[in-house]
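Below, each chain spelled out in residue letters.
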Amino acid sequence: MRLFDRIHPDQLDRRELQLTLLACSAILVLGAGLALLMYPFVFSLSNSVLRDAFYGFCGLSALLAVYLVDRQVTIQHLRREVADAGKRAVESKIEASAELLSAIPNLSSFKDRLAMEYRRAAASNQVLSVLVITVLLPEEVSTSPIAISLLSDAAKAISRKLRGEDSIYVLRPHCFGTILPSVTRPIAERISERVAEGLSDAAGATNRFTYKINIVNWPANASSAHELQEVVLTLLPPSDNSMRSMAEETR
C-alpha cells in the first residue's frame, strides 16, 4: 500500500480525478454485470414490477456515476475560482505595497533632512543619530514581486517602532533609514532594539527576511555634515534597479 500512498503534492488533483473515474467505472461495470445476470430472470417472467425494478436499478447506477463526475467537475471549478481569488488578492497586496514604498521619501529627501538637522544640532550644541536598516531577503524571492510585499511589511514595522516625530526614508530598495534629532547613542540603541523587535515580529516564525541595523552618531562617528553623510552612505548596499523597475511595473 505504501507504493500507492506516495503522492506528490502537485499530483493531488490528478489522483483525485483518477479516483473519481475509477469509482464511476466500477459502478458502471458492477451495475452492467448485475443487470446482465438479472436480465434472463426478469424477462423470463411476465412481471411488470420486476421489469420496473430492473430499469430503475440500471437508471440509478448510471445516475450515480454521472453524479460523481458532476461533483468532480464542480470541485475543480471551485478550486480554480479559489486559486484565482488568491492570485488576485496577492496581486492587490503587491500593488498596495508598491504604492506604500513609493510614498516614502527617498535618499535625496534624506540627505536634505540630514543636512538641516545637522545644522540645527550644531547650532544648539546637541547630538544627532541616524539608523540605517538593511533588509536581507532570501535569494529565491529577492527579485520576485513578493519582495515588494516583504519590504512594505518591514517599512510598516519600522514606522510603528519609531517616535512620533521621526520619519522613515528609503535609502535603497532594500535599505531604510531614519534621522533621530537630539538622540544620544544609548537612546538610539534602545530605539534600535525596539525596531529590531518589530522587524522580528514582521518576519514571523518562518524568517521571511532578516535585517541589519547600524547606528551612526554625531559627533561620535563624524566631525562634519559631509563626513556624517559619507559614513551613512558607506553603510548602504549596492543599488538594485531591479526592485525599482518591478515596483514601477506593479504600479
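Residues numbered from 1 in each chain as written. Predicted model: local features only at pLDDT ≥ 70, side-chain atom pairs only at ≥ 80, totals over all residues. Heavy atoms only, no water.

(A) Local environment of the sheet that holds strand 3 (residues 175–181). If you trace the four strands from one edge of the open sheet to the other, you get 2-3-1-4, paired in antiparallel fashion. The sheet terminates laterally at strand 2 (168–172) and strand 4 (210–218), the two strands that pair on one side only. Each strand axis lies, on average, 25° off the axis of its neighbour in the sheet, ignoring direction. (Pairing = 2+ DSSP bridges. Helix = DSSP H or I, 4+ residues; strand = E, 2+ residues; numbered from the N terminus. Axes fitted to C-alpha atoms, helices over the stretch in contact; angles between N-to-C directions.)

(B) Structural view of the packing of aromatic side chains. Evaluated as defined, the whole model comprises two aromatic pairs. Centroid distance Phe-110 to Tyr-169: 5.5 Å. Interplanar angle 70°. Geometry classified as edge-to-face. With Phe-110 in helix 4 (residues 107–123) and Tyr-169 in strand 2, this residue pair connects regions lying 59 residues apart in the sequence. A relative accessible area of 2% means that Phe-110 is categorised as buried. The exposure class of Tyr-169 is buried, given its relative accessible area of 5%. Aromatic side chains Tyr-118 and Trp-218 sit 5.0 Å apart centroid to centroid with 70° between the ring planes, which places their arrangement in the edge-to-face category. One end of the pair, Tyr-118, is in helix 4; the other, Trp-218, is in strand 4, and 100 residues separate them in sequence. Tyr-118 sits in the buried class, given a relative accessible area of 14%. (Phe/Tyr/Trp six-rings, centres within 6.5 Å; stacked < 30°, edge-to-face > 60°. Buried < 20%, exposed > 50% of the residue type's maximum accessible area, 1.4 Å probe, protein only.)

(C) Here's a closer look at the packing of helix 5 (residues 146–161) against helix 6 (residues 185–203). Between helix 5 and helix 6, the shortest axis-to-axis distance is 8 Å and the interhelical angle comes to 145°. Classified by chirality, the crossing of helix 6 by helix 5 is right-handed. Side by side, helix 5 and helix 6 meet where Asp-153, Ala-154, Ala-157, Ile-158 and Lys-161 of the first sit next to Arg-194, Val-195, Gly-198, Leu-199 and Ala-202 of the second. Taken together, the residues of the contact of helix 5 with helix 6 sort by class into six nonpolar, one polar and three charged. (Left-handed = near helix turned anticlockwise from the far one by under 90°. Contact = heavy atoms within 4.5 Å. Nonpolar A, V, L, I, M, F, W, Y, C, P; charged D, E, K, R; others polar.)

(D) Looking closely at the side chain of Asp-153. Note that Asp-153 resides in helix 5. The class of Asp-153 is buried, set by a relative accessible area of 12%. In contact with Asp-153, other than residues within four places in its own chain, are Lys-93, Ala-202 and Arg-208.

(E) Spatial organisation of the pattern of salt bridges. Under the counting rule described, the total for this entry stands at seven salt bridges. With a closest N to O distance of 2.9 Å, Glu-117 and Arg-113 form a salt bridge. In this pair, Glu-117 and Arg-113 both sit in helix 4, four residues apart, roughly one turn of the helix. Taking the relative accessible area as the measure of exposure, Arg-113 reaches 18% and is therefore buried. As a salt-bridge pair, Asp-166 and Arg-163 come within 2.7 Å of each other at their nearest N and O atoms. Among the charged side chains, a network of salt bridges with common partners joins Arg-113, Glu-117 and Arg-120. (Salt bridge = Lys/Arg side-chain N within 4 Å of Asp/Glu carboxyl O.)

(F) The arrangement of helix 6 in detail. Counted at 1.5 Å a residue, the expected span for helix 6 with its 19 residues is 27 Å, and the 26 Å between its end C-alpha atoms agrees. Every buried residue belonging to helix 6 is among Ala-188, Ile-191, Ser-192, Val-195, Ala-196, Gly-198, Leu-199, Ala-202 and Ala-203, and all of these are buried. Each buried residue of helix 6 lies within a common arc of 165° when the element is viewed along its axis, so the set occupies one face. Residues of helix 6 that are exposed and point more than 90 degrees away from the buried face comprise Glu-193 and Asp-201. Looking one or two residues beyond helix 6, the residue adopting positive phi is Gly-204, at roughly 80°. (Expected span 1.5 Å × (residues − 1). Arc of directions from axis to C-beta.)

(G) Geometry of the environment of Leu-28. Looking at the element boundaries, Leu-28 is found in helix 2 (residues 12–44). Remark: the alpha-carbon pair of Leu-28 and Cys-58, spanning 30 residues in sequence, is separated by 9.1 Å. Discounting chain neighbours no more than four positions away, the residues touching Leu-28 are Ser-61, Ala-62 and Ala-65.

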